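Spelled out, the chains give:
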Amino acid sequence: MRNKFSYPNLFTFSEAKEATVFDKIVLLSLVIAGCISILSFADWWFRSVHISNFWMYIVLSFCLWYSIIRLILIWINYLKITKPKAVPAPPNLKVALFTTSSPGEPLEMFEKTLEACKNITYPHTTYLLDDTQDIRFKECAERHGAVWLELVGLPGAKAGKVNAALQRTTEDFILIMDPDHIPFPNFFDHTLGFFKDEKVGFVQVAQAYYNQYRSFTAAAAAEQTYTFYGPTQMGLFGLGGAVAIGANCTFRRKALESIGGHGIGLAEDLITSIRIHAAGWKSIYNPVVVSRGLVPEDFGSFCKQQLKWARGVFEVTFVEIPKLFKKLTGWQRISYITIGTYYLNGVITCFFTLFPFFYFLTGITPTNIPFAEFISRGGMIIIIAIAIYLYVQKWMSDTKSERGLHFKGMILKFACWPVFFLGFLLSVVNADIPYIPTAKKASIGSISPFARPLYITIFLYITTLTVLFFYRKFHMSEYDLLETREAVWSMIGFASVSFIMSIVGIYAASESKRMKAEDCWDFVDLTQINIPDNPNSKILNQ
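Residues numbered from 1 in each chain as written. Predicted model: local features only at pLDDT ≥ 70, side-chain atom pairs only at ≥ 80, totals over all residues. Heavy atoms only, no water.

*Asks:* Explain the packing of aromatic side chains to me, please; I cannot follow it from the model alone.
*Replies:* Tallied over the entire structure, the rule returns 35 aromatic pairs. For the ring pair Phe-314 and Phe-424, a centre distance of 5.4 Å and an interplane angle of 65° mean the geometry is edge-to-face. Of this pair, Phe-314 sits in helix H10 (residues 299–324) while Phe-424 sits in helix H16 (residues 417–428), and the two are 110 residues apart along the sequence. By way of ring pairs, the aromatic residues Phe-41, Trp-44, Trp-45, Phe-46, Tyr-57, Trp-65, Phe-351, Phe-352, Phe-355, Phe-374 and Phe-494 are connected into one cluster. Positioned above the aromatic ring of Phe-474, the side-chain terminus of Lys-473 is 5.8 Å from the ring centre. (Phe/Tyr/Trp six-rings, centres within 6.5 Å; stacked < 30°, edge-to-face > 60°. Helix = DSSP H or I, 4+ residues; strand = E, 2+ residues; numbered from the N terminus. Lys NZ or Arg CZ within 6 Å of the ring centre and 35° of its normal.)

See below:
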C-alpha cells in the first residue's frame, strides 16, 4: 500500500463548523417533514385491519417504534447543534495528563504516545499509571519526561488507577488519555480556556482514528463514531448534556472530588459523566480533532469491546439513572436514557431476524401487511432520515475523511446484534464480566466465535427456503399457494435482509485470517502533525 493512511490529512488539526441560522432553518424543515411522514405512517400502521396475531403485533410494534422514537429524539437533538465559542487557555494552570498501561499492551505504542504527550505545548505533567510490572515501562516514561506511578493490583481497572493517581497528585485539571491516542501539540489550547467558567466540570473533545485503512472492521468501527463525535455530541452540548467519553476528556479535580472520584465500572466514563451532571456541574463539548487513536482492527476484538460496553451501559441504565434521575435536567434525563438503551438494538434486531423463520415454522404472522406496501409506506421516512443524516455531516469534526453513507458501520452494527443481546442478558442477571482493555493490535489467524450466530442465520435462511420451496411445490394446493403467497414473499423479503447482512458480516470476521501484523504507530511522524499554530509544519503523507 503506497499510502499507509486513506486520507493524508489525518494528522492535521480540524474542527466542526458552526451552525448558521440558515443551516438551522433547513434542518428544521427536514425534521418537520420527517415528523409529518412518521405521523402519516403511524396513522396507517395502527389500523386494526393490519393485525394478524395480537400479541406478536404488540411485540413487532414495540420493536419498530423503539427505533422510530430514537430517530425522532436524535432529530430533535440535531436542532440544538451548538459549537462553543473559543476561549484562550489562561496561563499558569496546574495540569496533569493521565495515561494508563496494562499487561500485554505493546511498549512501542507507549514510546509514540508519551513522546507526543511531551510535545504538547501547554505546560503540564504527564503521568504513566502502570501495572505491567515491567521495568521497561518505567524507563519509557522517564525517557519522555513523564512521571511513572506503579499502581498494581488495584480494584476498578483503569478507573481504579485514575483514582489512586488522584490521591498522589495535586493538579487542578486532569486530562485522561487512552494510551493508543496520539495527542497534537495544541491539545490543551482547545480545552483549558473553558474552565474559566467555574461551573464547568469537564471538557470533552472529539475522538478520531488513524488505522481505519487496516480492515473492513476498522473502517466500520470508525464510521460508527463519526456522527456521534460531530452533530450528536454538539446537539447534546446545546441541550446541556454533552457526555464524557473514556479518552480525550479533561476534568476539573473539584468535579471529580465532588462525586467521590472517577466512576468505576465497565462504562466508567458514562458513570462519571452522569454523576458529574447530577452534582450540578456543566459540561463542554468542543468538536475539534486534537488527537488520533486506534479502533479495533478485527471482528473478535471489536465484539469484545462492544460486549464490555453493552454490559457497562446497561449498568448505567439499571443502576445510575434511577438513582440520579431527580438530580438531572429534563434533557439530561432523556439523553442518558437514550444512550443507556442503545444496546437494546440487540434485542430488537434479534426479533426482526428470527420472526420470519417463526412464521415459516408456525404460519403465524404479526400482521397481514404486504412487504411491498410496508416499504412504500415507510419509504418517505427512510428517504428523509437519509437526507437528515447526510445534511448534519457538515458538522462532523473532520468532514474530509468522515462524510459518507457509512454502510460498513451499519453492517457491523447488525453483525454485532448477538453481542448486544448477550450484554442485555448479562445485565438482567447482573453477571460480572472482566474489564479487558481494547486490543491495540489485530488478533490474526482464526475467525472469532462471535461470528457463529451469523453462520447460523445463513444456515437457517438457506435451509428454510429449500424446505419451503419443496413443501409449497409438492404439498400445497393451488388455493393455499395463492392465499399465502403475499405473506410468504413478505417474510422472505425480511429474512433476505438479515441473510445479506450476515454474509457481509462473515466477510468482516474472516479478514482476521488474511490480515498481516502491523504496528500502525510506526507510520506516524510526530514532526509532521499539522496545526494552525505552526503553519510551517507539513501534512503527514507517507
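Next, the rest of the story.
*Asks:* Honestly, the sheet that holds strand S7 (residues 200–205) in this entry has me stumped. Any pointers?
*Replies:* Within a sheet, neighbouring strands are paired by backbone hydrogen bonds and run either parallel or antiparallel to one another. Taking strand neighbours across the sheet as the criterion, the 7 strands line up as S4-S3-S2-S5-S8-S7-S9 in an open arrangement whose pairing is mixed. Only two strands of the sheet have a single partner each, and these edge strands are strand S4 (147–150) and strand S9 (282–286). Here the strands of the sheet are splayed against their neighbours by 20° on average, with no regard to which way each runs. Sheet topology note: the strand S2 (residues 95–101)/strand S3 (residues 125–130) ladder contains 6 bridges and is parallel. Within S3, the position partnered with Ser-101 by the bridge is Asp-130. Its contacts with the sheet put helix H5 (residues 157–168) on S2, S3, S4 and strand S5 (173–176), and the angle it makes with S2 is roughly 145°. Helix H9 (residues 268–278) rests against S7, strand S8 (249–252) and S9 of the sheet, and its axis sits at about 145° to S7. (Pairing = 2+ DSSP bridges. Axes fitted to C-alpha atoms, helices over the stretch in contact; angles between N-to-C directions. Contact = heavy atoms within 4.5 Å.)

*Asks:* What am I meant to see in the pairing of S2 here?
*Replies:* Successive residues of a regular strand alternate their side chains across the two faces of the sheet. Most of S2 is tucked away: 7 of the 7 residues are buried. Because side chains alternate across S2, one face comprises the buried residues Val-95, Leu-97, Thr-99 and Ser-101, and the other comprises Ala-96, Phe-98 and Thr-100, equally buried. The pairing of S2 with S5 spans 4 bridges and is classified as parallel. Looking at the pairing, Leu-97 lines up with Leu-175 of S5. Chirality of the crossover, the property in question, places the unit of S2, helix H3 (residues 107–118) and S3 among those that are right-handed. (Buried < 20%, exposed > 50% of the residue type's maximum accessible area, 1.4 Å probe, protein only. Right-handed = clockwise from strand over helix to strand, strands pointing away.)

*Asks:* Help me out: how do you make sense of empty space enclosed by the protein in this one?
*Replies:* Tallied over the entire structure, the rule returns 1 cavity of 30 Å³ or more. Its volume calculated, the largest cavity comes out at about 40 Å³. As for the largest cavity, its lining consists of Asn-211, Leu-294, Val-295, Pro-296, Glu-297, Asp-298, Ser-301, Ala-439, Lys-440, Lys-441 and Ala-442. A breakdown of the residues in the lining of the largest cavity according to their chemical character gives 5 nonpolar, 2 polar and 4 charged. (1 Å grid on protein atoms, 1.4 Å probe; cavity = no way out; pocket = protein on both sides within 12 Å on 5 of 7 lines; lining within 4 Å. Points joined across faces, edges and corners; volume = space filled by probe spheres on them. Nonpolar A, V, L, I, M, F, W, Y, C, P; charged D, E, K, R; others polar.)

*Asks:* Can you help me understand the side chain of Thr-217 in this one?
*Replies:* Structurally, Thr-217 can be placed in helix H6 (residues 216–226). In this structure Thr-217 comes out as buried when scored by relative accessible area, which is 0%. Ignoring any residue separated from it by four or fewer positions in sequence, one finds Thr-217 in contact with Pro-296, Glu-297, Asp-298, Phe-299, Phe-302, Leu-412, Ala-508 and Glu-511.

*Asks:* Sorry, what's going on with the packing of helix H1 (residues 21–45) against helix H2 (residues 54–78) here?
*Replies:* How two helices sit against one another is set out by the angle between their axes and by the gap between those axes. One can describe the packing of H1 onto H2 by two numbers: an axis separation of 10 Å at closest approach and a directional angle of 165°. As the angle between them shows, H1 and H2 are arranged roughly antiparallel. The way H1 lies across H2 gives a crossing that is left-handed. The segment H1 lies against H2, with Leu-27, Val-31, Gly-34, Cys-35, Ile-38, Phe-41, Ala-42 and Trp-45 engaging Tyr-57, Leu-60, Ser-61, Leu-64, Trp-65, Ile-68, Ile-72, Trp-75 and Tyr-78. Looking at the contact of H1 with H2 residue by residue, the classes come out as 15 nonpolar, 2 polar and no charged. (Parallel < 35°, antiparallel > 145°, perpendicular 65-115°, else oblique. Left-handed = near helix turned anticlockwise from the far one by under 90°.)

*Asks:* What exactly am I supposed to notice about the packing of helix H12 (residues 345–362) against helix H17 (residues 452–475) here?
*Replies:* In the contact formed by H12 and H17, the axes pass within 11 Å of each other and the chain directions differ by 25°. As summarised for this structure, H12 and H17 are arranged roughly parallel, according to the angle between their axes. The handedness of the crossing between H12 and H17 is left-handed. Residues Thr-353, Phe-357 and Phe-360 of H12 lie in contact with H17, whose contacting residues are Thr-457, Leu-460, Tyr-461, Thr-464 and Leu-468. The class makeup of the residues in the contact of H12 with H17 is 5 nonpolar, 3 polar and no charged.

*Asks:* Help me understand the confidence of the model for the chain, please; the structure alone is not making it clear to me.
*Replies:* A low pLDDT score tells you not to read the predicted coordinates there in detail. Here the chain averages 92 in pLDDT, while 97% of its residues score no lower than 70. Per-residue pLDDT stays below 50 along residues 534–542; that stretch engages in 28 contacts with residues further than four places along the chain or on separate chains. (pLDDT = per-residue confidence, 0-100.)

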